[in-house]
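An overview of the molecular structure
Chain by chain, the residues:
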Amino acid sequence: MAKVYKKTSGNESIALYLGKRDFVDHVESVDIVDGVIKVDPAELEGRKVWVYLACAFRYGSDDLDVIGLSFRKDIWVKRMQIYPVVGTNPANTPMQEALLKKCGDQGHPFTFTIDTNLPCSVGLQPAPEDAGKSCGVDYEVKAYIAKEADDPDEKISKKDTCRLIIRKIQFAPGKVGAGPKADISKNFMMSDKPVHLEASIEKELYFHGDPIPVNVKINNETTKVVKKIKITVEQTTEVLLYQSDKYSKTVLTEEFAEEIKGESTLEKTFTVIPLLSNNKEKRGLAVDGRLKDEDTNLASTTIIRPGMDKGMQGIMVSYKIKVNLLVSSGGLLGGLTASDVGVEVPLVLMSPKPADVTDIKFE
């Protein structure tokens, strides 16, 4: 085991140990969350030790919780008693056996199974001047000392708790289907012939940071001259829990000075790379869940399987590529806006699957 993640309570009576903080959603199942709690019973004073795993949607910083309002909504919670030991535990995993060697006789293993219909970790990028935790969906493992597992009248001191944020992640499938295609034909004033525009990408899914070739075909049967091709990548974020909120943000815009004269054609591939590094100032942009201040990337596309409850996802993310044409003769084609003379194709962005992770199905 290369690294152990450990958090100790303020009174040093309990310590939480995990062997990893990324847990993979394989579609049919999710990696189990297996860890160990080290318990020193000397200072428990008749209380018990509990551990919970919670998936929650955070829509405000804890620092704003000054008038008794909660800025965190639990989507899913599981709890179990660690000490005194009750019942029988399942056989220890290899990860727990390694952690127990570090804890000694005071170590107590725990195991949680994450439901498959829960969302992956995702956050909304704060503005540079924002402080505190960002909004988004996160997972937390917390050990605590209390008389009861969840008594609203029992106040639990921070010194009696220790917690670690973990991530539920999903990787791209091994098999990827053919890419989408869209086309349009437009007739314009003072012209009895149209402009044909077709855009396509070679495959339905691309990895974060990889170049995306966009194939563009134009058949200009008019007498007008197409002067530019504009390619835009948009991220659409749908926030489902605290209110119904759906918005789009442009993560890439590039213009290509390609001239297509009247009664001529063009067939060309343009390469674009949408990156979070070019969008650091955009507040509300969805990004993959991060641990502390480590680097991350644009949020991966949300994959909804048949039968899943969309409302449980908290935040849903999708992408599309838009291709628009601009012409001479006083502006846009026939006086239309650029968005009226364009096409769009869906784009799936995900992280590549490491070699040691089992493949998933893509539906």
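In short, a report on the structure. In this text the structure is predicted, and so the values were computed from the model without any measurement.

So, the pattern of salt bridges
Going through the model one piece at a time under the given rule, you end up with 16 salt bridges. Close ionic contact of Lys-320 with Glu-234 constitutes a salt bridge, the shortest N to O distance being 4.0 Å. Taken together, the residues span a long stretch of sequence, with Lys-320 in strand S19 (residues 315-327) and Glu-234 in strand S15 (residues 226-239) at a distance of 86 residues. Glu-234 gets classed as buried once you look at its relative accessible area, which sits at 13%. Since its relative accessible area comes to 23%, Lys-320 is described here as partly exposed.

Some points on the sheet that holds strand S16 (residues 245-256)
Taken in spatial order, the five strands line up as S13-S20-S19-S15-S16 in an open sheet, and their pairing is mixed. Both outer strands of the open sheet, strand S13 (205-207) and S16, are each paired with one neighbouring strand and no more. Going from strand to strand, the sheet's axes swing by 30 degrees on average, the running direction of each strand aside. Note that S13 and strand S20 (residues 342-350) share three bridges and pair parallel. What sits directly across from Phe-207, in S20, is Met-350.

Remarks on the sheet that holds strand S4 (residues 33-39)
Here we have four strands laid out as an open sheet, ordered S1-S2-S4-S7, and antiparallel in their pairing. A strand with exactly one partner marks an edge of an open sheet, and here the two such strands are strand S1 (5-8) and strand S7 (107-112). Between one strand and the next, the sheet's axes are offset by a mean angle of 20 degrees, whatever the strand orientation. Note that strand S2 (residues 14-18) and S4 share five bridges and pair antiparallel. Considered in S4, the bridge of Tyr-17 is made with Val-36. Seen against the sheet, helix H1 (residues 94-103) touches S2, S4 and S7 and runs at an angle of roughly 15 degrees to S4.

Quick word on the pairing of strand S5 (residues 48-58)
Counting buried positions along S5 yields ten of eleven residues, so the element is predominantly enclosed. Sheet topology places S5 next to strand S9 (residues 136-146); eleven bridges connect them, and they run antiparallel. What sits directly across from Tyr-52, in S9, is Lys-142. One ladder, built from ten bridges, connects S5 with strand S6 (residues 72-83); its direction is antiparallel. Considered in S6, the bridge of Cys-55 is made with Trp-76.

Some thoughts on the packing of aromatic side chains
One pass over the full model with this rule turns up three aromatic pairs. Residues Phe-110 and Phe-112 carry aromatic rings whose centres are separated by 5.8 Å and whose planes lie at 55 degrees to one another, so their mutual orientation is tilted. Accessibility assignment for this pair places Phe-110 and Phe-112 in one class, buried. Between Phe-256 and Phe-270, the ring centres sit 4.6 Å apart and the planes meet at 40 degrees, which makes this aromatic pair tilted. In this pair, Phe-256 is assigned in strand S16 and Phe-270 in strand S17 (residues 264-272), connecting sequence segments 14 residues apart. By relative accessible area, which is 17% here, Phe-256 ends up buried. Given a relative accessible area of 3%, Phe-270 falls into the buried group. Here the basic side chain of Lys-142 rests over the ring of Tyr-144, its NZ or CZ set 5.7 Å away from the ring centre.

Focus: unusual backbone geometry
With an omega of -5 degrees, the peptide bond between Tyr-83 and Pro-84 qualifies as cis. One non-glycine residue, Glu-12, adopts positive backbone phi at about 65 degrees. In this fold, Glu-12 is placed in the loop between S1 and S2. Despite not being glycine, Glu-45 shows a phi value in the positive range, around 55 degrees.

Thoughts on the environment of Glu-45
Tracing the backbone through its elements, the reader meets Glu-45 in the loop between S4 and S5. Each C-alpha atom of the pair Glu-45 and Lys-147 lies 9.7 Å from the other, and the pair is 102 residues apart in sequence.

Analysis parameters
- Residues numbered from 1 in each chain as written.
- Predicted model: local features only at pLDDT ≥ 70, side-chain atom pairs only at ≥ 80, totals over all residues.
- Heavy atoms only, no water.
- Salt bridge = Lys/Arg side-chain N within 4 Å of Asp/Glu carboxyl O.
- Helix = DSSP H or I, 4+ residues; strand = E, 2+ residues; numbered from the N terminus.
- Buried < 20%, exposed > 50% of the residue type's maximum accessible area, 1.4 Å probe, protein only.
- Pairing = 2+ DSSP bridges.
- Axes fitted to C-alpha atoms, helices over the stretch in contact; angles between N-to-C directions.
- Contact = heavy atoms within 4.5 Å.
- Phe/Tyr/Trp six-rings, centres within 6.5 Å; stacked < 30°, edge-to-face > 60°.
- Lys NZ or Arg CZ within 6 Å of the ring centre and 35° of its normal.

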